[in-house]
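# Observations on the three-dimensional arrangement
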Amino acid sequence: MLGRLNHVALAVPDLATATAAYRDTLGARVTAPQALPEHGVTVVFVDVGNTKIELLEPLGAGSPIAAFLEKNPSGGMHHVCYEVDDILAARDQLKAAGARVLGDGNPRTGAHGKPVLFLHPKDFFGTLVELEQA
Ligand code: CO
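In this convention, every chain numbers its residues from 1, walking through the sequence in written order. Reporting of local features is limited, given that this is a predicted model, to residues whose pLDDT is at least 70; pairs of side-chain atoms are given and counted only at 80 or more, and all residues count toward the totals for whole chains, interfaces and linings. Just so you know, side-chain values use all the structure's heavy atoms and leave hydrogens and water out.

### Points about the coordination of the cobalt ion
Rules: The donor definition counts N, O and S atoms within 2.8 Å of each metal and applies 3.2 Å to Na, K and Ca; water is not among these atoms, so some sites may look incomplete. The geometry test gives tetrahedral to four donors whose angles all lie between 85 and 135 degrees, gives square planar to four donors and octahedral to six donors whose opposite members are over 155 degrees apart with all other angles between 65 and 115, and gives irregular to the rest. By the criteria applied, helices consist of DSSP H or I runs no shorter than four residues and strands consist of E runs no shorter than two, each listed in order from the N terminus. When a residue's accessible area, from a 1.4 Å probe over protein chains only, is under 20% of the maximum for its type it is buried; when over 50% it is exposed; and in between it is partly exposed.
Taken together, His7 (NE2), Glu54 (OE), His79 (NE2) and Glu130 (OE) make up the protein donors of the cobalt ion, found 2.1 to 2.3 Å from the metal. Angles of 86 to 173° at the metal separate the 4 donor atoms of the cobalt ion, which places the site in the irregular class. For the cobalt ion, the single-chain donor residues occur in sequence as H-x46-E-x24-H-x50-E. With His7 in strand β1 (residues 5-11) and Glu54 in strand β5 (residues 52-58), this residue pair connects regions lying 47 residues apart in the sequence. Just as His7 is buried, Glu54 falls in that class too.

### Describing the UniProt feature "domain: VOC" (unreviewed entry) in the chain
Quick reminder of the rule: UniProt positions are given in the numbering used here, feature names are shortened, and annotations may be inferred rather than shown by experiment.
UniProt feature "domain: VOC" (unreviewed entry): in the numbering of this structure it lies at residues 4-134. Each end of residues 4-134 is marked by a C-alpha atom, and these two atoms are 9 Å apart; helix forms 21% of the span and strand 37%.

### Thoughts on the pairing of β5
One face of the sheet, then the other: side chains in a regular strand alternate in exactly this way. Note the threshold: Any two strands with at least two DSSP bridges between them are considered paired.
For β5, a buried count of 5 out of 7 residues is recorded, marking the element as mostly surrounded by other parts of the structure. For β1 and β5, the ladder comprises 5 bridges, and the chain directions are parallel. In the sheet register, Leu10 faces β5, and the bridge partner there is Leu55. As paired elements, strand β4 (residues 41-47) and β5 share 7 bridges and run antiparallel to each other. Residue pairing across strands places Thr42 opposite Glu57, the latter belonging to β5.

### Some details on helix α3 (residues 87-96)
Here is the rule: The arc under discussion is defined with respect to the helix axis, by the directions toward the C-beta atoms. Whether two residues are in contact is decided by their heavy atoms: any pair within 4.5 Å suffices. Think of a polar contact as two N or O atoms within 3.5 Å of one another; within protein, one of them needs to be a possible hydrogen donor and the other a possible acceptor, and neighboring residues in sequence only count if both atoms come from side chains.
Taken together, the buried positions of α3 are occupied by Ile87, Ala90, Arg91 and Leu94. Within α3, the buried residues cover an arc of 100° as seen down the axis, which keeps them to one side. In the core, the buried residues of α3 are packed alongside β6 (76-84), β8 (115-119) and β9 (128-133). Sitting at the amino-terminal end of α3 is Asp86, which places a side-chain oxygen 3.2 Å from the backbone nitrogen of Leu88.

Shown next, in the form of structure tokens:
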């Protein structure tokens, strides 16, 4: 079921500062910010060749990463995203195995315009897992 690592996501308190650090200090290519109101975040992607780093900043009230940043004020690793060929088949297989899918269980459109789902971190050893249909 599990395919390539698509990205590792880091929640950051200030996207402009984090973008500057990755672009100017670390010398990486960073995309323009993209607001995802449906997900309550603004994102940029850092291209590191074999995968991407997603930098996430809260967007709007009730952002799903606001509580995370309260616990981790300087930022931290928020989730890992793996690619799957068929997200509905993956979801059904995971649910049958007892894993919890966040939200209403239906895929939403992610930052790459492709369907994504999130799996409960308690079911995967403390790490929030995103699945993206490649
Ligand atoms: Co992500």
